[in-house]
Amino acid sequence: MIPKNIFITYNDDAYVRKGELDDIISLQGVVDTADSVKKAIEENGIAPKLVPLKDDPEDFIKMLRHGAPDIIFNLCEGAFGLSSMEMNVAGLYELFGFRYTGSGPLTLGLSLNKETAKNILYARGIPTPKYAVIGDIKSLSSVSISFPLIVKPVHEDAGIGIDNNAVVWDITSLKKRIEYIIDIYKQPALVEEYIDGREFNVSVIGNETPNVLPVSEIDFSELPMDIPKIVGYEAKWITTSPLYKKTVPVCPANISKDIEEKLSCTAIKAYKALGCRDYARIDIRMGNDNMPKVLEVNPNPDISPDAGLARSALAAGFSYSKLICEIINCAVKRYDGTDKKFFKP
Ligand SMILES: Nc1ncnc2c1ncn2[C@@H]1O[C@H](COP(=O)(O)OP(=O)(O)O)[C@@H](O)[C@H]1O
Ligand SMILES: [Mg+2]
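Residues numbered from 1 in each chain as written. Chains lettered and ligands numbered in written order. Predicted model: local features only at pLDDT ≥ 70, side-chain atom pairs only at ≥ 80, totals over all residues.

## So, the sheet that holds strand β1 (residues 6–11)
Strand pairing within a sheet occurs via backbone hydrogen bonds; the two strands may be parallel or antiparallel. Spatial strand order, β2-β1-β3: three strands in an open sheet with parallel pairing. Every other strand in the sheet has two partners, leaving β2 (49–53) and β3 (71–74) as the edge strands with one partner each. Going from strand to strand, the sheet's axes swing by 30° on average, the running direction of each strand aside. Pairing between β1 and β3: four bridges, direction parallel. Within β3, the position partnered with T9 by the bridge is N74. (Pairing = 2+ DSSP bridges. Helix = DSSP H or I, 4+ residues; strand = E, 2+ residues; numbered from the N terminus. Axes fitted to C-alpha atoms, helices over the stretch in contact; angles between N-to-C directions.)

## Concerning the sheet that holds strand β6 (residues 167–168)
Taken in spatial order, the four strands of this open sheet run β4-β7-β5-β6, and their pairing is antiparallel. The outermost strands of the open sheet, each flanked by one partner alone, are β4 (131–134) and β6. Packed onto the sheet, helix α6 (residues 171–185) meets β4, β5 (149–153), β6 and β7 (189–193) and runs at close to 10° relative to β5. (Contact = placed C-beta atoms within 7 Å.)

## Notes on the domain arrangement of the protein chain
Partitioning the protein chain into domains gives domain 1 (6–102), domain 2 (125–193) and domain 3 (199–336). Computed from C-alpha atoms alone, the centre-to-centre distance between domain 2 and domain 3 is 23 Å. Taken together, the residues of the side of domain 2 that touches domain 3 break down into eight nonpolar, three polar and one charged. (Domains from an automatic or database assignment. Nonpolar A, V, L, I, M, F, W, Y, C, P; charged D, E, K, R; others polar.)

## Comments concerning the environment of I327
Mapped onto the elements of the fold, I327 is located in helix α11 (residues 320–336). Here the alpha-carbon distance between I327 and D278, two residues 49 residues apart in the chain, equals 6.0 Å. If near-sequence neighbours (up to four positions away) are discounted, I327 is found in contact with T101, D278 and Y279.

## Focus: the nonpolar core
Core analysis: the largest hydrophobic core is formed by 65 residues, its most contacted members being I8, V37, V202, V204, A267, A270 and I282. Broken down by element, this core gets its largest block of residues, six residues, from α11. Looking at which domains feed residues into this core, each of domain 1 (6–102) and domain 3 (199–336) supplies at least three. Excluding its chain neighbours within four sequence positions, the residues that come into contact with V204 are P210, N211, V212, A267, I268, Y271, Y279, A280 and I282. (Core = buried A, V, L, I, M, F, W, Y, C linked by C-beta atoms within 7 Å. Buried ≥ 20, exposed ≤ 12 C-beta atoms within 10 Å, placed from the backbone.)

## Considering unusual backbone geometry
With glycine set apart, most residues show a phi of negative sign, and most peptide bonds adopt trans. At the junction of F147 and P148, the peptide bond is cis and its omega measures out at 0° in the coordinates. Structurally, P148 is set in the loop between β4 and β5. Cis peptide bonds are those with omega within 30 degrees of zero, and the linkage from C251 to P252 qualifies with 0°. Note that P252 resides in the loop between β11 (248–250) and α9 (257–273). In the Ramachandran plot, A68 falls in the positive-phi region, its phi being about 40° despite a non-glycine side chain. Position of A68 relative to the elements: it lies in the loop between α2 (57–67) and β3. Take A68: there are 9 C-beta atoms within 10 Å of it, and that puts it in the exposed class. Unlike most non-glycine residues, N300 shows phi in positive territory, near 45°. Here N300 is to be found in the loop between β13 (292–299) and α10 (308–315).

Next up, the structure:
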């Protein structure tokens with residue numbers, strides 16, 4: 001049984017302008033997701049309330065305090081169009097004593113900063129591609145990773161700042177790309193060894209004994225040879241683009257038991273290392289040494305019906321509504337103390 005007074009919080013960032021013009025599309029996606037989560041909860045005879053976070057956090061907190069929810073389904077991915085504020089929104093729930101789904105502020109903050117997340121993975125012996133963070137082009141001489149490389153904004157999400165030019169093969173294009181990230185996204189660039197292998201999304205649910213859902217793989221086989229095999233912004237969000245149509249997720253992935261075990265084991269280690277709660281998606285590429293390399297840990301990943309987590313849940317026999325209830329149940333058990341070993345923020 002899930003609680004009755006459920007509030008769904010999400011960002012309404014229609015007024016925001018940042019990065020490239022199209023970057024707003026991913027910000028708007030969460031409005032549809034909130035609606036899908038609402039419908040999924042309604043299927044259980046419960047009427048949740050939608051609470052948008054717009055440009056005034058005071059309005060937001062007033063609505064929450066007034067409604068005194070039993071639990072918040074937290075879909076906020078930041079505030080004011082800034083992904084880096086994701087942890088602050090969860091921090092606000094903590095300060096006011098609200099119960100909410102998903103990871104706490106510390107996990108959200110650590111994971112979104114790809115550098116800190118990778119430092120933690122590295123320290124725990126969880127393989128992740130070699131990397132360097134460059135905030136000033138002058139420090140480039142200290143980088144000793146061999147080409148090809150991929151250049152990403154250090155604290156963004158959802159493919160933002162990643163397009164075909166993100167993969168670089170020589171020093172001139174590397175410099176150009178770092179300058180692009182610093183100039184357009186106003187943050188340091190994460191320069192990473194490019195892993196030219198199969199790409200998997202591994203979804204995990206639970207706390208005390210987290211479960212791995214069926215693994216999903218991106219099928220790049222339709223992409224022309226001269227296009228890098230990556231899932232950048234266009235491939236993730238521009239549904240009419242050839243890149244979207246030619247980077248198809250296949251779930252369950254056609255993989256051997258051995259690969260499945262390696263992926264599951266790596267994903268659980270990464271989930272625990274970053275202190276994830278309730279649900280997360282780990283993006284992994286297979287290195288040419290046949291060992292999984294963690295690209296990133298996504299606490300509170302996209303939970304829309306057509307995104308990776310729901311796809312994997314469906315392959316495990318969970319309807320969308322059952323998945324949403326399961327996440328709420330995981331959170332409730334944490335707060336009730338039924339699931340004792342959860343991670344505090
Ligand atoms: N080191 C890498 N090697 C190969 N491809 C990569 C690497 N890092 C990222 N990519 C590609 O870029 C995509 C987005 O990168 P990711 O780190 O997952 O950031 P985001 O938060 O934007 O999803 C990945 O799904 C993958 O296709
Ligand atoms: Mg990713």
